[in-house]
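# Structure at a glance
Each chain, letter by letter, is given below.
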Amino acid sequence: SEAMDTDAPVTVTLSATLGTLTPSTTTPATWDADGKVYTVTYDVADNGVEVAASDITVTVSGAKDLAGNAMTDSSTPDAFSIDTLNPAVAVTAQPIDGHYKAGTTLDFTLTASEAVNVVGTPRLTLAVGGAPAYADYLSGTGTKILTFRYTVADGDNGTLSVASPIELNTTG
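Computed from a predicted structure; not experimentally measured.

### Some points on the pattern of salt bridges
One pass over the full model with this rule turns up one salt bridge. The partner of arginine 149 in a salt bridge is aspartate 107, and the shortest N-O contact between them spans 2.6 Å. Taken together, the residues span a long stretch of sequence, with arginine 149 in strand β12 (residues 143-151) and aspartate 107 in strand β9 (residues 105-116) at a distance of 42 residues. For aspartate 107, a relative accessible area of 31% translates into the label partly exposed.

Here it is in structure tokens:
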């Protein structure tokens with residue numbers, strides 16, 4: 001790959017089954033220091049869709065090398081996909097019914113329909129005797145299985161249940 005004319009106006013269009021995507025208005029397109037890599041950021045609306053790489057077309061126009069030769073279109077199949085569909089999550093393991101002493105730790109396992117990357121500090125919303133309580137995130141980022149832990153507190157009394165629908169809140 002050779003250096004490109006970084007002053008030439010370049011247009012990169014992404015077309016997908018969900019329509020044409022618009023480049024970000026908050027992140028300008030940039031050339032790298034060598035003038036060989038042009039980076040364009042696209043904002044994709046969270047509209048609950050998944051688009052496979054095979055359904056995405058990349059078109060580039062206006063790019064020229066330093067000699068003024070126009071770049072020929074090229075794209076890498078399966079380079080990326082678009083996923084704004086939130087994963088489905090279900091409780092797949094929880095403590096058995098019983099009486100627990102203060103200080104006892106209780107783990108809850110959630111299984112997602114796809115691998116998830118945990119950002120921040122999520123908490124699983126619970127109810128203890130009708131009062132709100134929270135199980136803290138323990139492990140599982142990058143996988144389909146997330147584990148949350150609740151520590152029984154002094155004064156906890158009543159049935160312990162996971163809120164419905166499942167709510168993962170971030171703290172802080």
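### So, the packing of aromatic side chains
As enumerated under the stated definition, the model contains two aromatic pairs in all. Each ring, one from tryptophan 31 and one from tyrosine 38, has its centre 4.9 Å from the other, and the planes form 50°; the classification is tilted. A ring pair is formed by tyrosine 137 and phenylalanine 148, whose centres lie 5.8 Å apart and whose planes are at 70°; its orientation type is edge-to-face. Placement of the pair is tyrosine 137 in strand β11 (residues 131-139) and phenylalanine 148 in strand β12, with a sequence separation of 11 residues. Residue phenylalanine 148 is classed as buried on the basis of its relative accessible area of 0%. Note that arginine 123 overlies the ring of tyrosine 134, its terminal NZ or CZ placed 3.7 Å from the centroid.

Reading the values: the criteria
- Residues numbered from 1 in each chain as written.
- Predicted model: local features only at pLDDT ≥ 70, side-chain atom pairs only at ≥ 80, totals over all residues.
- Heavy atoms only, no water.
- Salt bridge = Lys/Arg side-chain N within 4 Å of Asp/Glu carboxyl O.
- Helix = DSSP H or I, 4+ residues; strand = E, 2+ residues; numbered from the N terminus.
- Buried < 20%, exposed > 50% of the residue type's maximum accessible area, 1.4 Å probe, protein only.
- Phe/Tyr/Trp six-rings, centres within 6.5 Å; stacked < 30°, edge-to-face > 60°.
- Lys NZ or Arg CZ within 6 Å of the ring centre and 35° of its normal.

Read these as geometric descriptors, not functional statements.
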